[in-house]
Amino acid sequence: HDGRSGMKTLVITADDVKDGKYVGATKLDGFDGNLEIAADLGFVYFRGSLRVTGYIRAEAGSGIKAGSGIKAGWGIEAGGGIEAGLAIACKRELSVRLRVFAGTCIWKLASEAERTVTCSQFVGGEVAYGCLVETEPASSPTEGLASGA
């Protein structure tokens with residue numbers, strides 16, 4: 001996913017989730033590494049911001065929900081959906097099977113910037129609430145494929 005060797009990866013399992021909320025010991029608002037969420041945990045809620053320097057991946061049957069924003073230095077992939085009280089951002093591909101909601105906070109009126117979903121390319125699913133900003137959208141279905149045979 002990120003191509004960098006030696007980066008630590010934290011795997012969230014059922015032991016780290018209570019009543020749908022992350023209760024693990026590791027602080028995830030500025031985690032230096034990758035984050036993986038095991039399959040079939042449903043939506044996992046992170047109080048405050050979820051920020052990692054690597055990638056965020058939720059396996060099938062798991063989704064990501066944060067009280068504030070979600071930010072990954074690399075890509076974000078969710079087997080379910082993604083919901084954030086504020087903006088969602090990653091430097092690479094954002095891949096989701098279902099729906100994405102950004103700027104759903106109820107404690108204030110979210111600005112346009114706080115409702116933004118920013119990624120290099122959005123794949124699958126739909127942005128149901130928020131403003132999608134692709135920094136490197138594919139210009140055609142064959143972009144990146146080798147020409148000739």
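See the structure above.
Presented here is an overview of the structure given in this document. All residue numbers refer to positions counted from 1 along the written sequence of the respective chain. Note on the predicted model: pLDDT of at least 70 is required for a residue's local features to be given, and 80 or more for side-chain atom pairs to be given and counted; whole-chain, interface and lining totals, by contrast, use all residues. The side-chain quantities take in all heavy atoms of the structure and omit both hydrogens and water.

### So, the pattern of salt bridges
Turning to step 1, where the next piece is worked out: The salt bridge definition used is simple: a Lys or Arg side-chain nitrogen within 4 Å of an Asp or Glu carboxyl oxygen. Under the criterion given, the structure shown has 6 salt bridges.
Turning to step 2, where the next piece is worked out: One salt bridge in this structure joins D29 and R51, with 2.5 Å as the shortest N-O distance. With D29 in strand β4 (residues 29-31) and R51 in strand β7 (residues 50-52), this residue pair connects regions lying 22 residues apart in the sequence.
Turning to step 3, where the next piece is worked out: For the salt bridge of E114 with K108, the shortest nitrogen-to-oxygen distance reads 2.5 Å.
Turning to step 4, where the next piece is worked out: To sort residues, take the accessible area from a 1.4 Å probe on protein chains only and compare it with the maximum for the residue type: under 20% means buried, over 50% means exposed, and anything in between is partly exposed. On the basis of relative accessibility, which here comes to 37%, the residue K108 falls in the partly exposed class.
Turning to step 5, where the next piece is worked out: Taken together, the salt bridges that share partners define one network made up of E36, R57 and E59. Here a strand is any run of E in DSSP of at least two residues, a helix any run of H or I of at least four, and the numbering for each starts at the N terminus.

### Points about the nonpolar core
Turning to step 1, where the next piece is worked out: Here, nonpolar core refers to any group of buried Ala, Val, Leu, Ile, Met, Phe, Trp, Tyr and Cys residues whose side-chain atoms link them within 4.5 Å. The biggest cluster of nonpolar side chains holds 32 residues, and the ones touching the most others in it are F46, I64, I70, I76 and I82.
Turning to step 2, where the next piece is worked out: In what follows, residue pairs with any heavy atoms lying within 4.5 Å of each other are defined as contacts. Those residues in contact with I70 that sit more than four places away from it in its chain are L50, I56, I64, I76, I82, E83, A84, A87, I88 and A89.

### Overview of the packing of aromatic side chains
Turning to step 1, where the next piece is worked out: Aromatic contacts are taken between Phe, Tyr and Trp rings whose centres are within 6.5 Å, Trp giving its six-membered ring; a plane angle under 30 degrees counts as stacked, one over 60 as edge-to-face, and the others as tilted. This model, assessed by the stated rule, comprises 1 aromatic pair.
Turning to step 2, where the next piece is worked out: When the ring of Y22 is compared with that of F46, the centres are 5.4 Å apart and the planes differ by 35°; the resulting orientation is tilted. Of this pair, Y22 sits in strand β3 (residues 21-22) while F46 sits in strand β6 (residues 42-46); the two residues are 24 residues apart in sequence, bridging distant segments of the chain.
Turning to step 3, where the next piece is worked out: Residue F46 is classed as buried on the basis of its relative accessible area, which comes to 2%.

### Considering unusual backbone geometry
Turning to step 1, where the next piece is worked out: In this model, D19 sits at a positive phi of 50°, which is unusual for a non-glycine residue.
Turning to step 2, where the next piece is worked out: Mapped onto the elements of the fold, D19 is located in the loop between β2 (17-18) and β3.
Turning to step 3, where the next piece is worked out: Using a relative accessible area of 72% as the deciding quantity, one classes D19 as exposed.

### Details of the side chain of T116
Turning to step 1, where the next piece is worked out: In this fold, T116 is placed in strand β16 (residues 116-119).
Turning to step 2, where the next piece is worked out: The term polar contact refers here to a pair of N or O atoms within 3.5 Å; inside protein, the definition further demands a hydrogen-donor-capable atom paired with an acceptor-capable atom, and it admits residues adjacent in sequence only when both atoms are side-chain atoms. A polar side-chain atom of T116 sits 2.9 Å from the main-chain carbonyl oxygen of E112.
Turning to step 3, where the next piece is worked out: Discounting chain neighbours no more than four positions away, the residues touching T116 are A87, I88, A102, C131 and V133.

### Comments concerning the sheet that holds strand β8 (residues 56-58)
Strand pairing in a sheet is mediated by backbone hydrogen bonds. Such pairs are either parallel or antiparallel.
Turning to step 1, where the next piece is worked out: Here we have 6 strands laid out as an open sheet, ordered β1-β5-β8-β11-β14-β17, and parallel in their pairing. Each edge of the sheet is formed by a strand with only one pairing partner; in this case those strands are β1 (9-12) and β17 (121-123). For this sheet, the mean inter-axis angle between neighbouring strands, taken without regard to orientation, is 10°.
Turning to step 2, where the next piece is worked out: Two elements, strand β14 (residues 93-96) and β17, share 3 bridges in a ladder whose sense is parallel. When the sheet's bridge partners are listed, E93 is paired in β17 with Q121. In this analysis, strands are considered paired if DSSP registers two or more bridges between them. An axis is simply a line fitted to the C-alpha atoms; with a helix, the fit covers only the stretch in contact. Between two such axes, the angle follows the N-to-C directions and lies from 0 to 180 degrees.

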